[in-house]
Structures are given as structure tokens and as C-alpha cells.
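Below, each chain spelled out in residue letters.
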Amino acid sequence: MNENRIESEVQQAIPEEKEEILQNFEQFKDYLGDKVAKGEKLGMSEETLAKYAEKVGDYLAAKEDPRNREEKLLQELWQLGDQEQRHHLAHMLVRLAQSTN
């Protein structure tokens, strides 16, 4: 999955659904959990899922304003981290999403 496809998929989300997902951190975690579970069913490794999570994190940090304090913290950590640190944070987000299912 390339960066343009990820951006396209995020932008194509129904605006109300996207707003609902991003408004509440628990709903955001549930949404991520569902996407990670689908990726795992397709045979994706944690590393592959983390690479996709990195691309989504880049998109969200650049294009979306945080809507709650948890998203604000994630955005600040994302912006402060270098590429390797962002990759580690993406792995942690994948694991967080896995724990929601």
C-alpha cells in the first residue's frame, strides 16, 4: 500500500464517520483494532502493519488536528521523534490496537 492510497482511503472516509472516529480516543483505538485484525487475517506481519501505521501517523500529523488530549500527545510525540522513533511508536500503536480486540 503506497502513501497516496493511504491518504486516499483516509480522505474517502465518510466525513461523519471520520469525525466520530477521531473525536473519541476509545473509538479511534477500536477502529485501529479492526483494521489491524483485518490486516492480520490477510497474513500481514506486525512489521508490515507498523509500516502502514507509520504512513497513517504521518498523514494524521500533517493533515488532521488533534480532537482530544490523547491525540494531541500522540501528535507531539510523532513530531518530536525521528524516523526510527516514529517506527517504534507505530509498533506500539499496532500492539495497542491488537489489545482492543
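What you see is a predicted model; the values in this text were computed from it and never measured.

Definitions and limits used
Residues numbered from 1 in each chain as written. Predicted model: local features only at pLDDT ≥ 70, side-chain atom pairs only at ≥ 80, totals over all residues. Heavy atoms only, no water. Core = buried A, V, L, I, M, F, W, Y, C linked by side-chain atoms within 4.5 Å. Buried < 20%, exposed > 50% of the residue type's maximum accessible area, 1.4 Å probe, protein only. Contact = heavy atoms within 4.5 Å. Helix = DSSP H or I, 4+ residues; strand = E, 2+ residues; numbered from the N terminus. Axes fitted to C-alpha atoms, helices over the stretch in contact; angles between N-to-C directions. Parallel < 35°, antiparallel > 145°, perpendicular 65-115°, else oblique. Nonpolar A, V, L, I, M, F, W, Y, C, P; charged D, E, K, R; others polar.

A. Region of interest: the nonpolar core. The biggest cluster of nonpolar side chains holds 18 residues, and the ones touching the most others in it are Phe28, Val36, Leu60, Leu74, Leu89, Ala90 and Val94. When sequence neighbours within four positions are dropped, the list of residues in contact with Phe28 reads Ile21, Leu22 and Leu60.

B. Structural context of the environment of Lys18. The residue Lys18 is located in helix α2 (residues 15-23) in this model. We classify Lys18 as partly exposed; its relative accessible area is 21%. Considering only alpha carbons, one finds Lys18 and Phe28, 10 residues apart in sequence, at a separation of 9.4 Å.

C. Representation of the packing of helix α3 (residues 25-41) against helix α6 (residues 83-99) within the structure. Look at α3 against α6: their axes get within 7 Å of each other, and the N-to-C directions meet at 95 degrees. One finds that α3 runs roughly perpendicular with respect to α6. Facing α3, whose interface residues are Phe25, Lys29, Leu32, Gly33, Val36 and Glu40, α6 presents Val94, Leu96, Ala97 and Gln98. Of the residues that constitute the contact of α3 with α6, the class distribution is 6 nonpolar, 2 polar and 2 charged.

D. Fine view of the environment of Leu93. Secondary-structure assignment places Leu93 in helix α6. Overall, Leu93 belongs to the buried group, its relative accessible area being 17%.

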